[in-house]
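Listed below are the residues making up each chain.
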Amino acid sequence: GAGVSQSPRYKVAKRGQDVALRCDPISGHVSLFWYQQALGQGPEFLTYFQNEAQLDKSGLPSDRFFAERPEGSVSTLKIQRTQQEDSAVYLCASSLELAGSQETQYFGPGTRLLVL
Amino acid sequence: GNSVTQMEGPVTLSEEAFLTINCTYTATGYPSLFWYVQYPGEGLQLLLKATKADDKGSNKGFEATYRKETTSFHLEKGSVQVSDSAVYFCALSGGYQKVTFGTGTKLQVIP
């Protein structure tokens, strides 16, 4: 079956532009996560959705970052007024159920964002 | 808070050599532990996992044992291949599955 997909795969933005990154999770997956992976580093948690509810946004680095999942499936991560330090790979992951810590997260290929 | 510390790379090995990548963690409660692999140009893939103490996760010849007494989850493989060249991430998950990753260890296997 189809895995997690993300679009665009690559995005170049000028500093100050707004960008929107899309994530299509595996069909039927309840939980959805966004992570930010800087070059040479491990992914870092940004935010978490259970269906359409955003239950944790503690990892969002500033109020320029906003995420939504209005119908409990597709999610969009929006970054307003992009800065050079926003350059990173943005990863989306989904898992089937909210069932403690035993559920496996399946990752998408990521969107590589470069802010000039 | 939760954290994961793994050995820095890069690690360079000859084909058929024995691999160990060390990983230790700090966490409250009883987290699940994971190894993820990222092949060049590809996304993160789950390699193996263990959900409770003394569990051994295994896949594709790789193994790791959840050691609560030493808070460790070291990755091992008896005989590496060139195709194992990738970046390996140790990770843990607690509570509602938020995953905390280590910084990654790059493995290069030469023929």
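The rules behind each value
Residues numbered from 1 in each chain as written. Chains lettered and ligands numbered in written order. Predicted model: local features only at pLDDT ≥ 70, side-chain atom pairs only at ≥ 80, totals over all residues. Heavy atoms only, no water. Helix = DSSP H or I, 4+ residues; strand = E, 2+ residues; numbered from the N terminus. Rg over C-alpha atoms; globule rule 2.2 N^0.38 Å. Buried < 20%, exposed > 50% of the residue type's maximum accessible area, 1.4 Å probe, protein only. Contact = heavy atoms within 4.5 Å. Areas by Shrake-Rupley, 256 points an atom, 1.4 Å probe, with all protein chains shown as cover. Lys, Arg positive; Asp, Glu negative; His and termini not counted. Charge placed at Lys NZ, Arg CZ, Asp CG, Glu CD. Pairing = 2+ DSSP bridges. Patch = residues over 30% accessible without salt bridge, like charges linked within 9 Å, V, L, I, M, F, W, Y side chains within 5 Å. Salt bridge = Lys/Arg side-chain N within 4 Å of Asp/Glu carboxyl O. Phe/Tyr/Trp six-rings, centres within 6.5 Å; stacked < 30°, edge-to-face > 60°. Core = buried A, V, L, I, M, F, W, Y, C linked by side-chain atoms within 4.5 Å. Axes fitted to C-alpha atoms, helices over the stretch in contact; angles between N-to-C directions. Disulfide = S-S within 2.5 Å.

Draft legend 1. Region of the structure containing the overall build of chain B. When its secondary structure is counted, chain B shows zero helices and 12 strands. Listed by position from the N terminus, the elements making up chain B come as β-β-β-β-β-β-β-β-β-β-β-β. Its C-alpha atoms give chain B a radius of gyration of 13 Å, within 12% of the compact-globule value 13 Å for 111 residues. Each of the three principal axes of chain B carries a C-alpha extent, and together these read 45 × 25 × 20 Å. Among the 111 residues that make up chain B, the fraction classed as buried is 45%. Considering only residue pairs separated by 6 or more positions, chain B has 54% of its internal contacts joining residues 24 or more positions apart. Accessible area for chain B stands at about 5200 Å²; split by element, carbon and sulfur atoms hold 49% of it. Where the 9 positive side-chain charges of chain B centre and where its 10 negative ones centre are 8 Å apart.

Draft legend 2. Looking closely at the pairing of strand S7 (residues 56-59) of chain B. All names here are of chain B. Here four bridges tie S7 to strand S8 (residues 62-65), and the two strands are oriented antiparallel to one another. Following the sheet pairing, Ser58 is matched in S8 by Glu63. Linking S7 back to S8 in an antiparallel pair, the connection comprises two residues, with Lys60 at a positive phi of about 55 degrees.

Draft legend 3. Focus on a nonpolar patch on the surface. A cluster of nonpolar side chains, namely Val12, Leu114 and Leu116 of chain A, defines an oily patch on the protein surface of about 290 Å² accessible area. Mapped onto the elements, Leu116 of chain A comes out in the segment after strand S11 (111-115).

Draft legend 4. Here's a closer look at the packing of aromatic side chains. Tallied over the full model, the rule gives 13 aromatic pairs over all chains. Between Tyr25 of chain B and Tyr66 of chain B the ring centres are 6.1 Å apart and the planes differ by 80 degrees, which places this aromatic pair in the edge-to-face class. Here Tyr25 of chain B, found in strand S4 (residues 23-26), pairs with Tyr66 of chain B, found in the loop between S8 and strand S9 (75-77); they are 41 residues apart in sequence, far enough to count as distant. The exposure classification of Tyr25 of chain B matches that of Tyr66 of chain B, with both residues buried. Ring pairing ties together the aromatic residues Phe33, Tyr35, Phe45, Tyr48 and Phe107 of chain A together with Phe34, Tyr36, Phe89 and Phe101 of chain B, which thus form one cluster.

Draft legend 5. View of the nonpolar core. In this structure, Trp35, Leu47, Leu48, Phe73, Leu75 and Tyr88 of chain B are the most contacted members of the largest nonpolar core, which totals 26 residues. When contributions to this core are tallied by element, the ones reaching two or more residues are strand S2 (11-14), strand S3 (19-21), S4, strand S5 (32-38), strand S6 (44-50), S8, strand S10 (86-94) and strand S12 (105-110) of chain B. No other element matches S10 of chain B, which puts four residues into this core. Not counting residues within four places of it along the chain, the set of residues in contact with Leu75 of chain B comprises Leu19, Thr20, Ile21, Trp35, Leu47, Leu48, Phe62, Glu63, Ala64 and Tyr88 of chain B. Formed by 20 residues, the second largest nonpolar core is a distinct cluster that contains Val4, Val19, Trp34 and Phe65 of chain A.

Draft legend 6. Representation of the sheet that holds strand S3 (residues 19-24) of chain A in the model. All names here are of chain A. Strand order in this open sheet of four strands is S1-S3-S8-S7, and the pairing throughout is antiparallel. Looking at the sheet topology across the chains shown, the edges are occupied by strand S1 (5-7) and strand S7 (65-68). Going across the sheet, the axis of each strand differs from the next one's by a mean of 15 degrees, ignoring polarity.

Draft legend 7. Representation of the state of the cysteines in the model. Residues and elements named next belong to chain A. Per the counting criterion, the structure on display carries two disulfides over all chains. Across a sulfur-sulfur distance of 1.9 Å, Cys23 and Cys92 are joined as a disulfide pair. Residues Cys23 and Cys92 are joined by a disulfide whose S-S torsion is about -65 degrees; by sign, that bridge is left-handed. Of this pair, Cys23 sits in strand S3 while Cys92 sits in strand S9 (residues 88-95); the two residues are 69 residues apart in sequence, bridging distant segments of the chain. The residues Cys23 and Cys92 share a single accessibility class, namely buried.

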